Amino acid sequence: MKHVLCFGDSNTWGFIPGTCKRYDEHTRWTGILQDELGADWRIHENGQNGRTTVFPEPGKNFMTGLGALPYALDTLRPLDTIIIMLGTNDLKEHSAQASVNGVGTLIRTIQTFDQLYPASVPLFGDNKPRILVLTPIEIGENVAEWDTLHGKGEESRKFPALMKGLCEWLDVEMMNTQEIVQPSKVDGIHMMPEEHRKLALAVKERLLGLVKA
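Calculation notes
Residues numbered from 1 in each chain as written. Predicted model: local features only at pLDDT ≥ 70, side-chain atom pairs only at ≥ 80, totals over all residues. Heavy atoms only, no water. 1 Å grid on protein atoms, 1.4 Å probe; cavity = no way out; pocket = protein on both sides within 12 Å on 5 of 7 lines; lining within 4 Å. Points joined across faces, edges and corners; volume = space filled by probe spheres on them. Nonpolar A, V, L, I, M, F, W, Y, C, P; charged D, E, K, R; others polar. Pairing = 2+ DSSP bridges. Helix = DSSP H or I, 4+ residues; strand = E, 2+ residues; numbered from the N terminus. Axes fitted to C-alpha atoms, helices over the stretch in contact; angles between N-to-C directions. Contact = heavy atoms within 4.5 Å. Salt bridge = Lys/Arg side-chain N within 4 Å of Asp/Glu carboxyl O. Buried < 20%, exposed > 50% of the residue type's maximum accessible area, 1.4 Å probe, protein only. Parallel < 35°, antiparallel > 145°, perpendicular 65-115°, else oblique. Left-handed = near helix turned anticlockwise from the far one by under 90°.

(A) A look at the layout of surface pockets. Put simply, the largest pocket is a space of about 430 Å³. Lining the largest pocket are 24 residues; nearest its centre among them are Phe15, Lys92, Asp147, Ile189 and His190. Lining of the second largest pocket is provided by Gly50, Thr52, Phe55, Pro56, Glu57, Asn89, Asp90, Lys92, Glu93, His94 and Thr148. In terms of residue class, the lining of the second largest pocket is made up of 2 nonpolar, 5 polar and 4 charged.

Have a look at this one:
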């Protein structure tokens, strides 16, 4: 069986636009991915509303990817592939470049995990690291004025080019989700069901190629 960790924020958790509710497991992209790949695969969802890459809020280190990632990796090893989709929440107070630097820190944590936290079971079962970075989706122009992501659309559109440079430098795979899905017209941040399906199918194709490589 192939094991895949999907590590992200509210769009991985399955946040329904305009609500505080969650899509069911057959509607959010991680669940569709599981359905599409079948019983020979295990998709491990790890999405959290408000999660940043490395930037903490006072008393909430668990809300950062850097704070949550080591626990997820250690409890799930061995894995075949790790998918990261983070960065949107960083834009509340930071630039796209700072966010991409944060993603780089997460990638390096994965790449050096066995040295940092040695164990009898390596992080990647075949010792062949496979990391796929998904760019955050574009932030729409219809984000509510009270939301701290209001007006961050232009900054979010910098992610693909910046992520491409980072992923080439660190020798990991990247997928530009902004070419695949659009934010909802409800809140400008999260995805509607049809967008979750589009993303899941695109990730499936990339994942199959990556694992066979």
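(B) Structural detail: the sheet that holds strand S5 (residues 173-175). The strand order S2-S1-S3-S4-S5 describes an open sheet built from 5 strands, whose pairing is parallel. The sheet terminates laterally at strand S2 (41-47) and S5, the two strands that pair on one side only. Taken over all neighbouring pairs, the strand axes of this sheet differ in orientation by 20° on average, direction set aside. Of the strand pairs in this sheet, strand S4 (residues 131-134) and S5 are connected by 3 bridges, and their pairing is parallel. When the bridges of S5 are listed, Leu132 appears paired with Glu173. Running over the sheet, helix H2 (residues 29-37) touches strand S1 (2-8), S2, strand S3 (81-85) and S4 and is turned about 175° from S2. Contacting S4 and S5, helix H7 (residues 159-170) crosses the sheet at an angle of about 170° to S5.

(C) Region of interest: the pattern of salt bridges. Scanning the entire structure with this criterion turns up 13 salt bridges. Its salt-bridge partner being Arg197, residue Glu36 comes within 3.8 Å of it at the nearest N-O pair. Note that Glu36 is positioned in helix H2 and Arg197 in helix H8 (residues 193-212), a separation of 161 residues in sequence. Overall, Glu36 belongs to the partly exposed group, its relative accessible area being 32%.

(D) Here's a closer look at the packing of H2 against H8. Close contact between H2 and H8 brings their axes to 8 Å; oriented N to C, the two are set at 50°. Judged by the angle between their axes, H2 and H8 are oblique. Relative to H8, the crossing made by H2 is right-handed. Residues Trp29, Ile32, Leu33, Glu36 and Leu37 of H2 touch H8, and the partners they reach there are His196, Arg197, Leu199, Ala200, Leu201, Val203, Lys204, Leu207 and Leu208. Classifying every residue of the contact of H2 with H8 gives 10 nonpolar, 1 polar and 3 charged.

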